[in-house]
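Residues per chain, in single letters:
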Amino acid sequence: MRKIIFGLIIVLMVISTSIFGQEQLIYHRIKTDKEGKILPWFNNDPGISYDHIVNLVWNFWDTMGKDMNGLPYYMNHQVWRPDFNDPRGLGGDQIQMAMSSWQLLYAYSGNERVKENMRFLADYYLTNGLSPAHSKWPNIPYPYNTLVYSGKYDGDMVIGMGFTQPDKAGSFGLELIKLFKMMSNERYPHATEKRYLQAAIEIANTLASHIKEGDADHSPMPFKVNATTGEVGKLKSNSGDKSEVGLSSYTSNWSGTVELFLQLISLNEGSIDDYRKSADIMISWMKTYPMKTNKWGPFFEDIPGWSDTQINAMTWARFIMTHRELFPDWRSDVQSIIDWVNKILGNNQWEKYGVTAINEQTAYRTPGNSHTSRQAADELLFYSLTGDSNRIPHAVRQLNWATYMVDSDGKNRYPRDENWLTDGYGDYLRHYLRAMAAFPQLAPYNQNHILSSTSIIQLANYRGMINKFLVPVVRKDTARAVIYYRTYDSKGMEVLRLTKKPSAVLLDEIPLKDLKDQTGEGYTWQPIFMGGILSIWREHGNKVTVIN
């Protein structure tokens, strides 16, 4: 019933009369419905607008151009500028964020160039960004290029060469696991995917070897540490006087690291017992401290001192929702985090348009494109799990608001800041795709898309005709496929938004049955406005053909 209600909400948004106001929000005049609530700038229909924004952002990244050292501009700088190069190096999680978004975008689009960009990011970072094997913290990535055009990543933006951020190492290891799964059994003749897995194992081994119990002032691993010597980094004052106010010994950005351990345990790869113990320590510490104290701590590479950040809080809230079996009180746990963010970091500047934007962090209270869209996507996931539809329209308006950060050519900036290549790209695009996954009614009604999978999509073909060089055609009717995809796991579940009900769904060339309920292997079809939602349950196969 809640999906039907939400579908009606979207229909009402689509048919609402748009009104252009006088206020400009970065690149566009604010457009509203007849009640004065904010609409996307591109089209009244959220799905059409979000799809347009996703494509603009990806194309801007993909065509950004080469820098002075021959690398893509985004491999050297954290901010894009139209006049001349920004003097700063990479953002702390820039590569990981991009890989996270592109993995979702590939399933959504089937664009092989997206997959190749993931491979490029991983290959270059592994070749030019890891701490030496003889270090106290070996084989983990550095977050910053202290010499901007060196092509090497070797330190931290604030405290310099040799320092790294273990939480970013964990998130990179997780993205390597996803890439390993994407590339396994691929058409490429070499076995680079095994190197991705091995690099992830080495990162996990280093992190597991340094995990401690932690306390109220020290997370199980420090936020910043010298990879060579093991010295914990200094926490500097946010006043700008360069004075030291303690140690960088605390952050709560551990969801990527815990997920890395859980993924390796599931794959039965590496030091399983160590990973299990480390994951238990991490989860126990998160439950004992940040989840009770709301001391979420720092994330960003350019803030010298203490700050509580929205990304740490909401990323952990999403982890709770995707691992509900580990959190008996997950509903109240997640609600508590959502309430904290809205109370402490909510920004009411655009309240008259029916939307509360989300500030980045306590040390820098400016509304963010990625932070507001993250809040929307994560709250939509929460509402989809709990059945609470009351705040769904507000979450959609947050996504609408965040579209105004994107210009018609794809550049993406804060309302009162710059074109960050972290927040505007990798940590932006994924939230629109996650929002569509939580509520498929937000996907464009006039297109076909894979919105979510419990596995990793290795191959997605939307060409309408199977390419014989990519996909071996066994049955003649597969030539009429509207979508063909292949997953890493032989058991799983996918959700697709389609323009019309398929005539057949094949799993490994064998027709699946149209289920009356959601038990066993097969598929269900839920008609909605202009098309419907196809849900597929697989028990014994990984190659799916959807036929019109």
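This text follows the structure it describes.
The model shown is predicted, which means the values in this text are computed figures rather than measured ones.

Draft legend 1. Geometry of empty space enclosed by the protein. Scanning the model with the defined rule gives two cavities of 30 Å³ or more in all. Of the residues that constitute the lining of the second largest cavity, the class distribution is three nonpolar, two polar and two charged.

Draft legend 2. Highlighting the side chain of D427. Locating D427 in the fold gives a position in helix α14 (residues 422-438). With residues near it in sequence (within four places) discarded, D427 still touches M97, I311, S370, R374 and T422.

Draft legend 3. Expanded view of the packing of aromatic side chains. Summed over the entire model, instances satisfying the criterion amount to 26 aromatic pairs. Residues F382 and Y383 carry aromatic rings whose centres are separated by 5.9 Å and whose planes lie at 55 degrees to one another, so their mutual orientation is tilted. A connected cluster of aromatic rings, assembled from ring pairs, spans W58, F60, W61, Y74, W80, W102 and Y425. Positioned above the aromatic ring of Y250 is the side chain of K295, whose terminal nitrogen or guanidinium carbon lies 4.7 Å from the ring centre.

Draft legend 4. Molecular detail of the packing of helix α13 (residues 392-403) against α14. At their nearest, the axes of α13 and α14 sit 12 Å apart, and the two run at 145 degrees to each other. Handedness of the crossing formed by α13 with α14: left-handed. Between α13, through L399, A402 and T403, and α14, the contact on the second element is made entirely by Y428, Y432 and A435. The residue inventory of the contact of α13 with α14, partitioned by class, reads five nonpolar, one polar and no charged.

Conventions we followed
Residues numbered from 1 in each chain as written. Predicted model: local features only at pLDDT ≥ 70, side-chain atom pairs only at ≥ 80, totals over all residues. Heavy atoms only, no water. 1 Å grid on protein atoms, 1.4 Å probe; cavity = no way out; pocket = protein on both sides within 12 Å on 5 of 7 lines; lining within 4 Å. Points joined across faces, edges and corners; volume = space filled by probe spheres on them. Nonpolar A, V, L, I, M, F, W, Y, C, P; charged D, E, K, R; others polar. Helix = DSSP H or I, 4+ residues; strand = E, 2+ residues; numbered from the N terminus. Contact = heavy atoms within 4.5 Å. Phe/Tyr/Trp six-rings, centres within 6.5 Å; stacked < 30°, edge-to-face > 60°. Lys NZ or Arg CZ within 6 Å of the ring centre and 35° of its normal. Axes fitted to C-alpha atoms, helices over the stretch in contact; angles between N-to-C directions. Left-handed = near helix turned anticlockwise from the far one by under 90°.

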